[in-house]
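# Coordinate analysis (summary)
These are the residues of each chain, in order.
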Amino acid sequence: MDYDVAIIGGAFSGAATAMVLKRRCPNARVLIIEKTTEFDRKVGESTTEVSSCYMTRILGLTHHLGHYHLPKQGLRLWFSQHPEQSFDDCVELGARYGARLAGFQVDRSTLDTHLLEEAIKAGCELMRPAKVTSLQLHDGGEQVITLDFQNEPRTICARWVVDATGRAAMIARKLGHFRPNLEHPINAVWARFTGVKKWDSYEWREKFPEMANACRTSREWATNHLMGCGWWCWIIPLRGGDVSAGIVYDSRIFDLPAGATLAQRLHNHLVSHPVGRAIFGEAQAIEGDVHAFSALPYWSEKVCGDGWAAVGDATGFIDPLYSPGLDYCSFTSYYVANFLSRSLAGENVSALLDYYNAQYPVTYRRWFESLYQDKYFYMGEADLMSAALLLDVASYYIGLVRPVYRDPECAFARLPFEGRPGRIAASMMKLYQRRLVALAKNRAAAGHLREVNSGWRELYDGFVPDFRLRKQIGQGLRRWWQAEWKNLTMSPRRAQSPSATCAVIPTEAQRSRGIPSNIA
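Here we summarise the structure given alongside this text.

Reading guide: rules and limits
- Residues numbered from 1 in each chain as written.
- Predicted model: local features only at pLDDT ≥ 70, side-chain atom pairs only at ≥ 80, totals over all residues.
- Heavy atoms only, no water.
- Pairing = 2+ DSSP bridges.
- Helix = DSSP H or I, 4+ residues; strand = E, 2+ residues; numbered from the N terminus.
- Axes fitted to C-alpha atoms, helices over the stretch in contact; angles between N-to-C directions.
- Parallel < 35°, antiparallel > 145°, perpendicular 65-115°, else oblique.
- Left-handed = near helix turned anticlockwise from the far one by under 90°.
- Contact = heavy atoms within 4.5 Å.
- Core = buried A, V, L, I, M, F, W, Y, C linked by side-chain atoms within 4.5 Å.
- Buried < 20%, exposed > 50% of the residue type's maximum accessible area, 1.4 Å probe, protein only.
- 1 Å grid on protein atoms, 1.4 Å probe; cavity = no way out; pocket = protein on both sides within 12 Å on 5 of 7 lines; lining within 4 Å.
- Points joined across faces, edges and corners; volume = space filled by probe spheres on them.
- Phe/Tyr/Trp six-rings, centres within 6.5 Å; stacked < 30°, edge-to-face > 60°.
- Polar contact = N/O pair within 3.5 Å; in protein donor to acceptor, adjacent residues only side chain to side chain.

The strand order E3-E7-E4 describes an open sheet built from three strands, whose pairing is antiparallel. Every interior strand has two partners, whereas the edge strands, strand E3 (45–46) and strand E4 (70–71), have only one.

Spelled out as structure tokens, the structure:
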């Protein structure tokens, strides 16, 4: 065979798999096939504590991240009661102090380029630009790849093929394993903007001194989210001054406002939120840099076979709310690199393949049900999202952050939510998740939506992966129980208009103005 391993896709997941594999097997013949001449600018992306641990402690990218990307100061949520509300009257949820564990606001094109260069330095070969035109898979035998490399046909053979093609999910679609997640009908539109207002300016400190002095860290370096019924918007700063902003929305509940262009529709929505209007009132979308995806979530029923494996977004995707994309890339790329190295060393890896195929759909399902299913019904309610944020992040720290920082080599060798502990954790999270959804629907039916979205802010000390998490867990439980009490004592009012509820189904005419289903 020409190569031991051929990796299709040279961005984060493919390059990370190659780097870990070459460290385990320096003599392995690894080929990376990348279809583009250079990586385009993807959506501005935030890392989590888990993916940051993988990049710094496993991949060794601390120097690169510190010099070419921005430090992230946590997650910050903003809620409004009505469009004319004052900026400083909106509810704010977020950290009071700087982040305890490393996080970054990354420019993916810069990160992907650097990681691919590191993989080449480690001894991997690269074909670029090269487009795969045919793929023949044979269990336990040679995998045959036909491609156009620099406009010339080539055929190569490898023992293993790794699918790192992202949403294209080449092998999953080829073998019929690709499945859309129809229970979670979310779409996204995003762009990069210039002329965005500075969050921590002296002008605002003079205008809103109480709000400015309440926070001890920089709001601008956080991932700021504007929240509403059925939708949320991200605001992510990028090195060089541009700002990535976009909306993710549940098509059962919300539709974008009208506008001449997709960029105009996004901007119109951003400025409909009091905080968005203050930030984006004079901002302009960068021409030609507006993107959209419909039907965001999907998964693969099978993620490997005796001769192939999928990593990163080629295995599936759920929702970008808590920035889990690079977490999945981290766990899957490490796991696949581990069993490939053992296979090349002569071991029988059939048990590892069986585990990956069995555990991945379990991980996907439990992650989805415990964190994201129907969450968009209560996203516009500040107290309900406060309870969810505190309990979600605390659970994340207990279940994932603590293990990866204690022993990253061991923790990344398994998938999350496995076994009995994973089942118990997922069940507990699903319990409060479902109750928060029910509380929001009851409020909508009784005409009490957004009543709590003014006049307060909740700034917590920050999450740390030890016993001090009990403070955030206690805060989250209190918020939940207070909401339950409010539900018991709530008196019905005249039903709110459809545009104010969280149970709106867009009309066919509204859908016709939306994102085409074939955008990808």
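And the narrative resumes.
Right, let's get into the packing of helix H11 (residues 350–371) against helix H14 (residues 419–446). For any two helices packed against each other, the geometry is given by the interaxial angle and the distance between the axes. As a packed pair, H11 and H14 sit with axes 7 Å apart at the nearest point and diverge in direction by 25°. Our classification of the angle between H11 and H14 gives roughly parallel. Relative to H14, H11 is oriented so that their crossing is left-handed. Contacts from Arg366, Glu369, Ser370 and Leu371 in H11 reach Gly419, Gly422, Arg423, Ala426, Met429, Lys430 and Gln433 in H14.

Next up on the list: the nonpolar core. Judged by nonpolar contacts, the single largest core of 118 residues is most densely connected at Phe12, Tyr54, Leu59, Phe339, Phe412 and Leu436. Tallying contributions element by element places helix H12 (residues 382–406) first for this core, with 16 residues. Contacts of Phe412, omitting those with residues within four sequence positions, involve Val50, Cys53, Tyr54, Ile58, Ser330, Phe331, Tyr334, Tyr335 and Val404. Within the second largest apolar cluster, 28 residues are counted, among which are Trp204, Cys233, Ile235 and Ala283.

What follows concerns empty space enclosed by the protein. Inspection of the entire model under this criterion finds one cavity of 30 Å³ or more. What the largest cavity holds in volume is close to 40 Å³. What lines the largest cavity is Asp327, Tyr328, Phe331, Thr332, Tyr360, Thr363, Trp367, Leu415 and Pro416.

The tally for this structure, following the rule as stated, stands at 32 aromatic pairs. Where Phe87 meets Trp199, the ring centres are 6.5 Å apart and the plane angle is 65°; that geometry is what we call edge-to-face. One end of the pair, Phe87, is in the loop between strand E5 (75–79) and strand E6 (91–95); the other, Trp199, is in the loop between strand E13 (186–194) and helix H6 (202–207), with 112 residues separating them in the sequence. Comparing Phe87 with Trp199, the two get one shared label, buried. Between Trp190 and Phe293 the ring centres are 5.4 Å apart and the planes differ by 40°, which places this aromatic pair in the tilted class.

It is worth spelling out the environment of Ser300 at this point. As for its position among the elements, Ser300 is in strand E18 (residues 298–300). For the pair Ser300 and Ile171, spaced 129 residues apart in sequence, the C-alpha separation works out to 9.6 Å. Non-local contacts of Ser300, meaning those with residues more than four positions away in its chain, are made with Ala172, His177, Thr315 and Tyr360. In this structure the side chain of Ser300 is engaged in a polar contact, spanning 2.6 Å, whose partner is the backbone oxygen of Lys302.

Considering the arrangement of structural elements, one finds Leu115 in helix H4 (residues 108–121). Residue classification places Leu115 among the buried positions, given a relative accessible area of 0%. Along the primary structure Leu115 and Ala16 are separated by 99 residues, whereas in three dimensions their C-alpha atoms are 7.0 Å apart. In this view, Leu115 contacts Phe12, Ala15, Ala16, Met19, Leu59 and Leu61; residues no more than four positions away in its chain are not counted.

Across the sheet, which stays open at both edges, the three strands sit in the order E12-E18-E21 with antiparallel pairing between neighbours. At either end of the open sheet lies a strand with only one pairing partner, and these are strand E12 (178–180) and strand E21 (316–317). Bridge count for E12 against E18 is three bridges, and the pairing is antiparallel. Residue pairing in the sheet places Phe178 in a bridge with Ser300 of E18. Contacts between H11 and the sheet are confined to E18 and E21, with E18 contributing the most and set at about 165° to the helix.

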